[in-house]
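# Geometric and topological summary
What follows is each chain in one-letter form.
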Amino acid sequence: METLLHYINVLNGFIWGPPMILLIFGLGIYFTFQLGFVQKYTFKGIALSVRNDGGKGTVSSFGSLAVMVGATVGTGSILGVTTAVAEGGPGAIFWMVVAGVFNFAVKYCECTAAVKYRVRRGGEYVGGPMYVMTRVLKMKWLAALFAGGTLCMALVAGALLQANSIADVMREGYSINPWIVGFLVAVFTSVVTIGGVKRIAAYSEWLVPIMGGVYLTIALIVVCMNFSKVPAAIWTVLSGAFTGKAALGGAAGTTVYALFTSAINAIGLGVSRSVMSTEAGLGSAAIAASAGQTSGAARMGLISATSVFWTVFICVLSGLVVVLAGDWQNPEVYAANLCNSAFKTVPYIGTPILTFSLIIFSFTTIIGWSYYGEKALQFLIGNHGAKTWRIIYVLACAVGGGLGTAFSLGWTISPNAFEIGLSTRFVWGLTVLMMTLMTLPNIYMLWRLRRKLKTETKRNLGKLFQ
């Protein structure tokens, strides 16, 4: 398994190196300028998200936004940032922000396209890149590839990874058996997801604001407690953006080649974690956008894109807190442990609030990706696959929780306890690989639709604010 992890990391390193950097940045920059810098409507889009315009859809536009924010602002916004810092240095935070700014336009485009070409099936409005690929591009094989990637991402990143993260936090903080945590996660997941998108949206509408408010409050407290160190931390992030982690490693890390490769690693990690955290370019949020009640595709596209703003804001705070704590340079501290070392600087409430935040963040991601996976399977085999999917997904949550991260790498069998440990690094590596199956088809689709998206934006987006 250690060998498999090595090959997965090598493949991810190649794909999410210069090739994907050029694709993601290039597409984000292209749409930003072609669409007249849609980012300028960010706060107007936030205002629109809480207004009901009487349009058609399955859930309210805010409910749709809450589902996608819940799915995106998960451990990717906390653990994803910490793993990026641990592996690529603080400079990865800078590239997450840059990628997020430009990918606002990408998310606007993918959600606008999904709503424009959505269909009504089984009494619900459904859509997403797979429907656009089929209806507009006439490429069913590409749609099937995207849907298959969505299924894999839902199981790996939505169920296994999130349940694994919850179990790891509870084991580290309260010594609770991971299998018990996995069982509880599975039970709560089944209660919510059995009601479909309407119940998922209803839960997300009140869970998302609570989780965001609590986490941002404690993160700001950590920043305020270390206010004198903030300028140095910001400089560490900015300087690391162009030198990566190599410059911190002494003489061996100061060669031109080492600096270059380390900087590329920081950029690649920043871009990949930005896609994972904001889901801009991934195409998954477009599935949730398709269910939103709206009078126009551009309107829902803009509302959906505001989720990037919230995610980037949380990512910046998460990264700043980790850099201020200083333990990111310790190779023995990783993922949830790295977060905990930062938040425990707040006496009495730091660790409990981090634990609460991670659990809620992970749970909203679990229920959001359950919906994404269900719609992907529905596209592939029809409506009759919904119940089967929910059973499989709930079981995956139970397994993901039970397969805690008590072991350092790969799969290790304990002959005494008969426990199997799943490496956090291995799951993150597998998650990035699954992202590729969704991102590449989605990017190709957006490029093919660039003229249609420009026309839709010019005709309808400006009218919202006249």
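Rules of the game
Residues numbered from 1 in each chain as written. Predicted model: local features only at pLDDT ≥ 70, side-chain atom pairs only at ≥ 80, totals over all residues. Heavy atoms only, no water. Helix = DSSP H or I, 4+ residues; strand = E, 2+ residues; numbered from the N terminus. Buried < 20%, exposed > 50% of the residue type's maximum accessible area, 1.4 Å probe, protein only. Contact = heavy atoms within 4.5 Å. Areas by Shrake-Rupley, 256 points an atom, 1.4 Å probe, with all protein chains shown as cover. Phe/Tyr/Trp six-rings, centres within 6.5 Å; stacked < 30°, edge-to-face > 60°. Lys NZ or Arg CZ within 6 Å of the ring centre and 35° of its normal. Axes fitted to C-alpha atoms, helices over the stretch in contact; angles between N-to-C directions. Parallel < 35°, antiparallel > 145°, perpendicular 65-115°, else oblique. Patch = residues over 30% accessible without salt bridge, like charges linked within 9 Å, V, L, I, M, F, W, Y side chains within 5 Å. Salt bridge = Lys/Arg side-chain N within 4 Å of Asp/Glu carboxyl O. Polar contact = N/O pair within 3.5 Å; in protein donor to acceptor, adjacent residues only side chain to side chain. Core = buried A, V, L, I, M, F, W, Y, C linked by side-chain atoms within 4.5 Å. pLDDT = per-residue confidence, 0-100. Left-handed = near helix turned anticlockwise from the far one by under 90°. Nonpolar A, V, L, I, M, F, W, Y, C, P; charged D, E, K, R; others polar.

### Topic: the overall build of the chain
When you go through the chain residue by residue, the secondary structure sums to 19 helices and four strands. Out of the 466 residues in the chain, the part that is buried amounts to 60%. Contacts in the chain between residues far apart in sequence, at least 24 positions, make up 83% of those at least 6 positions apart. As presented, the chain carries roughly 18,100 Å² of accessible surface, and 67% of it is formed by carbon and sulfur atoms.

### Describing unusual backbone geometry
At F37, a residue that is not glycine, the phi angle is positive and equals roughly 60 degrees. Here F37 is to be found in the loop between α2 (18-34) and α3 (42-48). Located in the positive-phi region is K138, a residue other than glycine, with phi close to 60 degrees. Relative to the helices and strands, K138 resides in the loop between α7 (129-135) and α8 (140-174).

### Considerations on the packing of aromatic side chains
Tallying each qualifying case throughout the model produces 12 aromatic pairs. Measuring from ring centre to ring centre gives 5.5 Å for Y30 and F31, while their planes differ by 70 degrees; the resulting arrangement is edge-to-face. Each ring, one from Y131 and one from F379, has its centre 5.1 Å from the other, and the planes form 75 degrees; the classification is edge-to-face. Of this pair, Y131 sits in helix α7 while F379 is found in helix α16 (residues 350-381), placing the two residues 248 residues apart along the sequence. Pair check on accessibility: Y131 and F379 agree, each one buried. It is K116 that lies over the ring of Y117; its NZ or CZ is 5.9 Å from the centre. Across from the ring centre of W447, 4.1 Å away, lies the NZ or CZ of R450, which sits over that ring.

### Topic: the packing of helix α11 (residues 230-243) against helix α14 (residues 297-325)
Put simply, α11 and α14 touch, their axes get as near as 10 Å, and they point 110 degrees apart. Compared by their axis directions, α11 and α14 come out roughly perpendicular. Along the contact surface, α11 presents V230, A233, I234, T236 and V237, while α14 presents L320, V323 and L324.

### Section: a nonpolar patch on the surface
Taken together, I180, F183, L184, V187, F188 and V191 make up a surface patch of nonpolar side chains, about 560 Å² in accessible area. Note that V191 resides in helix α9 (residues 178-193).

### Considering the pattern of salt bridges
Counted under the stated rule, the structure contains three salt bridges. Among the ionic pairs, E456 bridges to K116, the shortest N-O distance being 3.1 Å. Taken together, the positions of E456 in helix α19 (residues 450-460) and K116 in helix α6 (residues 91-116) put the pair 340 residues apart, joining distant regions of the chain. A residue is classified by how much of its surface remains accessible, and K116, at 41% relative accessible area, is partly exposed. In this structure, the salt-bridge partner of E374 is R390, at a minimum N-O distance of 2.9 Å. Within this pair, whereas E374 is found in helix α16, its partner R390 is found in helix α17 (residues 386-402), the two being separated by 16 residues in sequence. Pair check on accessibility: E374 and R390 agree, each one buried.

### Looking at the side chain of Q39
Following the sequence through the fold, Q39 ends up in the loop between α2 and α3. Note on Q39: relative accessible area 11%, which makes it buried. One polar contact links Q39 to T32, side chain to side chain, over a distance of 3.0 Å. In contact with Q39, not counting residues within four places along its chain, are T32, V101, F102, F104 and A105.

### Notes on the nonpolar core
Grouped together as the largest cluster of nonpolar side chains are 135 residues, with contacts concentrated most on Y108, W369 and Y372. Counting residues per element, this core draws most heavily on α14, which supplies 16 residues. Ignoring anything within four residues of it in the chain, the contact list for Y372 reads V67, M68, A71, T150, E279, S284, A285, I287 and A288.

### Concerning the environment of L4
Tracing the sequence through the fold places L4 in helix α1 (residues 2-15). Between the C-alpha atom of L4 and that of F426, which follows or precedes it by 422 residues, the distance is 8.8 Å.

### Remarks on the confidence of the model for the chain
On average, residues of the chain score 80 in pLDDT, and 80% of them are at 70 or above. Averaged pLDDT values over the elements of the chain bottom out at 37 in strand β3 (residues 412-413) and peak at 96 in α7. Considering only residues more than four positions removed or in separate chains, one finds that residues 246-254, a stretch of pLDDT under 50, has 11 contacts. Across residues 405-422, confidence stays below pLDDT 50; counting only partners more than four residues off in sequence or on other chains, it has 38 contacts.

### Brief notes about the packing of helix α10 (residues 196-225) against α14
For any two helices packed against each other, one specifies the crossing angle of their axes together with the interaxial distance. Their axes nearest at 10 Å, the elements α10 and α14 cross at an angle of 35 degrees. The way α10 lies across α14 gives a crossing that is left-handed. Only F313, I314, L317, S318, L320, V321 and L324 of α14 make contact with α10, whose side of the interface consists of Y215, L216, A219, L220, V222 and V223. Across the contact of α10 with α14, the residue classes tally to 12 nonpolar, one polar and no charged.

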